[in-house]
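# Residue-level structure breakdown
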Amino acid sequence: MAKRVFRVGLLLVLQFTLACCWWTPEAYALSEEQQLISQAWRIVNYSYVDESFNHQNWWFVRQKALKHPLSNREETYGQIQEMLASLDDPFTRLLKPDQYRSLQVNTSGELTGVGLQIALDEETGTVAVIAPIDGSPGQKAGLLPGDRILKIEGTSTVGLTLDEAATRMRGPIGTTVTLTIRRAETQAVEEVPLVRELIALNPVNSKLQKTPDGRSVGYIRLSQFNANAATEIAQTVQAFEEQGADAYILDLRSNPGGLLQAGIEIARLWLDGGTIVYTVNRQGIVGSFEAMDEALTDDPLVVLVDRGTASASEILAGALQDNGRALLVGEKTFGKGLIQSLFDLADGSGLAVTVAKYETPNHRDIHKLGIVPDKEVTLDPISRDRLATEFDRQYQAALDLLIDPNVVAGVH
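In short, a report on the structure. (Residues numbered from 1 in each chain as written. Predicted model: local features only at pLDDT ≥ 70, side-chain atom pairs only at ≥ 80, totals over all residues. Heavy atoms only, no water.)

### A closer look at the overall build of the protein
- The secondary structure content of the protein amounts to twelve helices and 19 strands.
- Burial status across the protein gives 50% buried among its 412 residues.
- Just so you have it, the protein exposes about 19,600 Å², and 53% of that area is on carbon and sulfur atoms. (Helix = DSSP H or I, 4+ residues; strand = E, 2+ residues; numbered from the N terminus. Buried < 20%, exposed > 50% of the residue type's maximum accessible area, 1.4 Å probe, protein only. Areas by Shrake-Rupley, 256 points an atom, 1.4 Å probe, with all protein chains shown as cover.)

So this is what it looks like as structure tokens:
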């Protein structure tokens, strides 16, 4: 009996030992460079919007990256970038320490450069202008939404990430950077020298104007959704209300977006209630942001949009349109319906990762489709000082809608 128990015990020990050998994790310790790769991989693994990871085995992608010999940090960054490139998502990207700091400044303070909001053209691999920042060197030089940046200082933009392109365009105040541009309207290629400036990111310009019938219309141009945007808009609306504004025009043309939360807070300024935006994560779980408090005003509102209206701008425009709060005038918007979050990496770099897509209150998915305005009006390029004047056909169309009593009754 004792022998039998001993044999059974020995068998169990043997089986346990074999099992331990089978499930032993990787026998080697990760180097510092491999740990950074592994950290980036984990962030994407747990948060990326597409759980198929562009129809590939994401674990195998990690193993391939870790097997690559790494002798310095730049090689590590290269492996992380190659890993992210396999997702085929230009918005999910590595931000090196200086790029990460610049992005954080871009949404909250000032930057030194040429003032262009850019995106990757997926068909050509070049960099496209979404919109120039108001008053920036890019805007003063006449660069327009849809223009393609073929070269920066003679270097092709094909193969550059957005952050690499942005870094090449930034530099000390007073220095010059030359861009090779293909114009969207004419397809002409030209060299455009730009002198870098300190660009103040004041997102709001406004004025109160009288219509021919004597009513006061508050014109508010919002150029970017940064940390100050909601406060600036609120203060402007309150000031116009005190001055007796009867209606409003909110100009989101050439506004490339910015902080999602800023877009939500600005929508709440105009809405008494209702859904602002739905978000859909990788599991298909739908979340929403709602308008909860009384709006600052119930005066009629028209929103101006164009092909440079993107991201958070489209969230705001879609919320106001779907809730019947405003009519949209202009051109179909850019069509960026993906939401990114920022994640810190151990060495001071970061990842921008697409974590969800958004839908308008009527569950419209506008990614690559854009939002079609209620009244389509094209506009030939005009200088900044002619915006919201008699030379601005889209602005004049908005005024005409606000003057029409039948229309005004439907845009409260």
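There is more to say after this.
### Concerning the sheet that holds strand β15 (residues 301–305)
- Here six strands make up an open sheet; going across it, the order is β10-β11-β12-β15-β16-β19 and the pairing mixed. At either end of the open sheet lies a strand with only one pairing partner, and these are β10 (204–210) and β19 (375–376).
- Direction of pairing for strand β16 (residues 327–330) relative to β19: parallel, over a ladder of two bridges. If you follow G330 over to β19, its bridge partner there is E376. (Pairing = 2+ DSSP bridges.)

### Some remarks on the pairing of strand β7 (residues 176–182)
- The pairing of strand β5 (residues 148–152) with β7 spans four bridges and is antiparallel. By the bridge assignment for β7, R148 is matched with R182.
- In this sheet, strand β8 (residues 189–195) lies alongside β7 in antiparallel orientation, the contact comprising seven bridges. Its bridge partner lying in β8, L179 is registered against V192.
- Counting the residues in the hairpin turn of β7 and β8 gives six residues, including Q187, whose phi is positive at 65 degrees.

### Topic: helix α8 (residues 229–242)
- Under the 1.5 Å per step criterion, the end-to-end length of α8 is 20 Å for 14 residues, consistent within 8% with the ideal 20 Å.
- Elements that come into contact with the buried residues of α8 comprise β10, β11 (216–222), β12 (247–251) and α9 (260–270).
- One or two steps after α8, the chain reaches G244, where phi turns positive at roughly 90 degrees. (Expected span 1.5 Å × (residues − 1). Contact = heavy atoms within 4.5 Å.)

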